[in-house]
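Descriptive analysis of the structure
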Amino acid sequence: VQLQASGGGLVQAGGSLRLSCAASGRIFSVDAMYWYRQAPGKQRELVATVTRGGTTSYADSVKGRFTISRDNAKNTVYLQMNSLKPEDTAAYYCNIDVATLYDSRSYWGQGTQVTVSS
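Scope of this entry: the structure provided in the associated data block. (Residues numbered from 1 in each chain as written. Predicted model: local features only at pLDDT ≥ 70, side-chain atom pairs only at ≥ 80, totals over all residues. Heavy atoms only, no water.)

**A look at the pairing of strand β11 (residues 112–117)**
To keep things clear, this is the line we draw: Burial classes: relative accessible area under 20% of the type maximum marks a residue as buried, over 50% as exposed, and values in between as partly exposed (1.4 Å probe, protein chains only). Secondary structure follows DSSP: runs of H or I at least 4 residues long count as helices, runs of E at least 2 residues long count as strands, and numbering of each begins at the N terminus. Think of it this way: DSSP has to see at least two bridges between two strands before they count as a pair.
In β11, alternate side chains face the same way, and those of Thr 112, Val 114 and Val 116 are buried while those of Gln 113, Thr 115 and Ser 117 on the opposite face are not. Of the pairings in the sheet, the one linking strand β2 (residues 9–12) to β11 comprises 4 bridges and is parallel in character. Counterpart to Gly 9 in the pairing with β11 is Val 114. Pairing between strand β9 (residues 90–99) and β11: 3 bridges, direction antiparallel. When the bridges of β11 are listed, Ala 90 appears paired with Val 114.

**Observations concerning the environment of Phe 28**
Topologically, Phe 28 is positioned in the loop between β3 (17–24) and β4 (29–38). Taking the relative accessible area as the measure of exposure, Phe 28 reaches 62% and is therefore exposed. The spacing of Phe 28 and Asp 103 is 75 residues in sequence and 9.7 Å in space, taken between C-alpha atoms.

**Quick word on the sheet that holds strand β8 (residues 76–81)**
Condition: Only the stretch in contact is used when a helix axis is fitted, and all axes are lines through C-alpha atoms; the angle between N-to-C directions ranges over 0 to 180 degrees.
Overall, antiparallel pairing links the 4 strands, which are arranged β1-β3-β8-β7 in an open sheet. Pairing within the sheet leaves two strands with one partner each, and these edge strands are β1 (2–6) and β7 (66–71). Across this sheet, the average inter-strand angle for adjacent strands is 15°, counted without regard to direction. Here 5 bridges tie β1 to β3, and the two strands are oriented antiparallel to one another. The partner of Leu 3 across the bridge, within β3, is Ala 23.

**Notes on the state of the cysteines**
Among covalent bonds in proteins, the disulfide is the one between the sulfur atoms of two cysteines. Worth spelling out the cut-off: Throughout, disulfides are identified as pairs of cysteine sulfur atoms within 2.5 Å of each other.
One pass over the full model with this rule turns up 1 disulfide. Bridging Cys 21 to Cys 94, the disulfide has an S-S length of 2.0 Å. Judged by the torsion about the S-S bond (55°), the Cys 21/Cys 94 disulfide is right-handed. On the criterion of sequence distance, the pair formed by Cys 21 in strand β3 and Cys 94 in strand β9 is long-range, its members being 73 residues apart. Like Cys 94, Cys 21 is buried.

Purely spatial values, then, with no claim about function.
Encoded structure:
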């Protein structure tokens, strides 16, 4: 199973970006999907979660600004980020719970950099 993340970049404060993360390989089913982020010198933090059924949850710092969604047919998770702030600058990582015919485990994407200028 491989995860391919994309959509990061440089944006001014107040702008928007949309991240995508697609899982591929011999996938039997996909359960919960997550976005994390890690700023320099800080621990990785959970930003948003979407369950298989579509229930979402967010870190307090992004509520009302970020929206997580998924396309089950494409095994893809998205993160729409609006009203971006300089403190949102970080490497963003997708994390997906995947079941194959052999096991169930969590997989990480390679990270995509988001930089918000003031």
